[in-house]
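# Observations on the model geometry
Here is how the chains run, residue by residue.
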Amino acid sequence: MAEAEGGPDMVSFRELARRLVEDGVVAAISHQRVSQLHREDPDFPAVVPVGRSKAVDYRLARPYFAARKSRQGERTDLKDRSAE
């Protein structure tokens, strides 16, 4: 409905995770992982506090997750840091 009106489609992190899986953007993701990405990735879409929750515009978040390279299970602590 919001898309027809042209306004933002604000969703909670839990709803965002559910929709991303339902729409086939990602195979699996939890709302905890969405929250972690929000804290750690400066490119994460803008977040709006709503009470004690946080909301993000699904129309901005979907392309972010579609373009993001999944690194499930990758051990970043074992990478060779001598090249840095």
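Residues numbered from 1 in each chain as written. Predicted model: local features only at pLDDT ≥ 70, side-chain atom pairs only at ≥ 80, totals over all residues. Heavy atoms only, no water.

What follows concerns the packing of helix H2 (residues 13-22) against helix H4 (residues 58-67). For the pair H2 and H4, the least separation of the axes is 11 Å and the interaxial angle reads 55°. Taken together, H2 and H4 sit at an angle that is classed as oblique. Seen along the crossing, H2 lies across H4 with a hand that is right-handed. Together, Leu-16, Arg-19 and Leu-20 of H2 and Tyr-58, Ala-61, Arg-62 and Phe-65 of H4 make up the contact between the two elements. (Axes fitted to C-alpha atoms, helices over the stretch in contact; angles between N-to-C directions. Helix = DSSP H or I, 4+ residues; strand = E, 2+ residues; numbered from the N terminus. Parallel < 35°, antiparallel > 145°, perpendicular 65-115°, else oblique. Left-handed = near helix turned anticlockwise from the far one by under 90°. Contact = heavy atoms within 4.5 Å.)

Further remarks concern the confidence of the model for the protein. Confidence in the prediction of the protein, expressed as mean pLDDT, is 86, and 80% of residues score 70 or more. The least confident element of the protein is helix H1 (residues 2-5), whose mean pLDDT is 56; the most confident is H2, at 97. (pLDDT = per-residue confidence, 0-100.)

Right, let's talk about the pairing of strand S3 (residues 53-57) for a bit. Here is the key point about a regular strand: its side chains alternate between the two faces of the sheet. Sheet topology note: the strand S1 (residues 10-12)/S3 ladder contains three bridges and is antiparallel. Along S3, the bridge assignment pairs Ser-12 with Ala-55. The pairing of strand S2 (residues 47-50) with S3 spans four bridges and is antiparallel. Paired with Val-50 across the strands is Ser-53, a residue of S3. Counting the residues between successive antiparallel strands, the hairpin from S2 to S3 contains two residues, one of them, Gly-51, with a positive phi of roughly 65°. (Pairing = 2+ DSSP bridges.)

Time to look at the packing of aromatic side chains. Tallied over the full model, the rule gives four aromatic pairs. Measuring from ring centre to ring centre gives 6.2 Å for Phe-13 and Phe-44, while their planes differ by 75°; the resulting arrangement is edge-to-face. With Phe-13 in helix H2 and Phe-44 in the loop between helix H3 (31-40) and S2, this pair connects stretches of sequence that are 31 residues apart. You'll find Phe-13 and Phe-44 in the same group, each marked buried. A ring pair is formed by Phe-44 and Tyr-64, whose centres lie 5.3 Å apart and whose planes are at 70°; its orientation type is edge-to-face. Note that Phe-44 is positioned in the loop between H3 and S2 and Tyr-64 in helix H4, a separation of 20 residues in sequence. Cation over ring: Arg-19 sits above Tyr-58, and NZ or CZ is 4.9 Å from the ring centre. (Phe/Tyr/Trp six-rings, centres within 6.5 Å; stacked < 30°, edge-to-face > 60°. Buried < 20%, exposed > 50% of the residue type's maximum accessible area, 1.4 Å probe, protein only. Lys NZ or Arg CZ within 6 Å of the ring centre and 35° of its normal.)

This part covers the nonpolar core. If you look at the biggest cluster of nonpolar residues, it comprises 16 residues, and the most contacted ones within it are Leu-16, Leu-20, Ile-29, Val-34, Phe-44, Val-56 and Phe-65. Listed by contribution, the elements that provide at least two residues to this core are H2, H3 and H4. Among residues more than four places away in sequence, those in contact with Phe-65 are Leu-16, Leu-20, Val-25, Ile-29, Val-34, Leu-37 and Phe-44. (Core = buried A, V, L, I, M, F, W, Y, C linked by side-chain atoms within 4.5 Å.)

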